[in-house]
Amino acid sequence: DTAVSQTPKYLVTQMGNDKSIKCEQNLGHDTMYWYKQDSKKFLKIMFSYNNKELIINETVPNRFSPKSPDKAHLNLHINSLELGDSAVYFCASSGRSGSYEQYFGPGTRLTVT
Amino acid sequence: EDKVVQSPLSLVVHEGDTVTLNCSYEVTNFRSLLWYKQEKKAPTFLFMLTSSGIEKKSGRLSSILDKKELSSILNITATQTGDSAIYLCAPTGGGSEKLVFGKGTKLTVNP
């Protein structure tokens, strides 16, 4: 059984389009995260939700909007995609926020052309 | 601003060698430090360290935290080609206890 799953695994789209990435975890965790890993492999947190409530919102353009319909799901919607948005986006979850191990999804490789 | 520095950035060794990876950090509200291994896809959890001086061990891997020196090391003994990966260090920090990742150490183990 997949613990943290993301769809799609690959996403190729043109500049200006709007796209969504979905994440689901079946670990019963309360906290979910979105990370961006750039071409230099630097992994940086974007958002964190605890029980559907936003608790971390790093300096991310307004074009990125996370949505958590329930604590098992955290989706990421991106408007007006730009070339610089090309990266691998990882979803993760943990039993509690912050000081606990996070389990990562397989990643979504987004390529904006 | 929170800061995590890993060294070396890249390391190439032969199978059987022992390696030590370093991580130093400056984060506010430090609670714990986590190590992850990233091969081709998602980072996988290795260790979580909260107390200084207590070694955590899993097979050929071990890690220890030094809160006084604001650092941690990850040791891998008798390396194998399957250990080739990027090793990421991530202390918790910032007002929201978020993980702050270093840039990683890329380890290549040659046969």
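Values in this document were obtained by computation on a predicted structure and should not be read as measured data. (Residues numbered from 1 in each chain as written. Chains lettered and ligands numbered in written order. Predicted model: local features only at pLDDT ≥ 70, side-chain atom pairs only at ≥ 80, totals over all residues. Heavy atoms only, no water.)

### Quick notes on the side chain of Ser 63 of chain B
Residue and element names in this part refer to chain B. Assignment of secondary structure puts Ser 63 in strand E7 (residues 61-66). Here the side chain of Ser 63 touches Trp 35 through a polar contact of 3.1 Å, side chain to side chain. When near neighbours in sequence (up to four residues on either side) are disregarded, Ser 63 contacts Trp 35, Phe 47, Leu 49, Ile 54, Glu 55, Lys 56, Ser 72, Ile 73 and Leu 74. (Helix = DSSP H or I, 4+ residues; strand = E, 2+ residues; numbered from the N terminus. Polar contact = N/O pair within 3.5 Å; in protein donor to acceptor, adjacent residues only side chain to side chain. Contact = heavy atoms within 4.5 Å.)

### Concerning the state of the cysteines
Two cysteines, two sulfur atoms, one covalent bond between them: this is a disulfide. With the rule as written, the count across this model stands at two disulfides over all chains. Here Cys 23 of chain A is linked by a disulfide to Cys 91 of chain A, with a sulfur-sulfur distance of 1.9 Å. Of note, the bridge from Cys 23 of chain A to Cys 91 of chain A carries an S-S torsion of about -75 degrees and is left-handed in sense. Residue Cys 23 of chain A is located in strand E3 (residues 19-25), and its partner Cys 91 of chain A is located in strand E9 (residues 87-94); the two are separated by 68 residues in the primary sequence. What makes Cys 23 of chain A buried here is its relative accessible area of 1%. Disulfide pairing places Cys 23 of chain B opposite Cys 89 of chain B at an S-S distance of 1.8 Å. Measuring the twist about the S-S bond at about -50 degrees, one finds the Cys 23 of chain B-Cys 89 of chain B disulfide to be left-handed. In this pair, Cys 23 of chain B is assigned in strand E3 (residues 19-26) and Cys 89 of chain B in strand E9 (residues 85-93), connecting sequence segments 66 residues apart. What makes Cys 23 of chain B buried here is its relative accessible area of 2%. (Disulfide = S-S within 2.5 Å. Buried < 20%, exposed > 50% of the residue type's maximum accessible area, 1.4 Å probe, protein only.)

### Examining unusual backbone geometry
Cis geometry is found at the peptide bond from Thr 7 of chain A to Pro 8 of chain A, where omega equals -5 degrees. Residue placement: Pro 8 of chain A occurs in the loop between strand E1 (4-7) and strand E2 (10-13). The amide bond that connects Ser 7 of chain B to the next residue, Pro 8 of chain B, takes the cis arrangement and shows omega of -10 degrees. By the secondary structure assignment, Pro 8 of chain B is in the loop between strand E1 (3-7) and strand E2 (10-14). Even without being glycine, Ser 80 of chain A reaches a positive phi, approximately 45 degrees. With respect to the helices and strands, the residue Ser 80 of chain A is situated in the loop between strand E8 (73-78) and E9.

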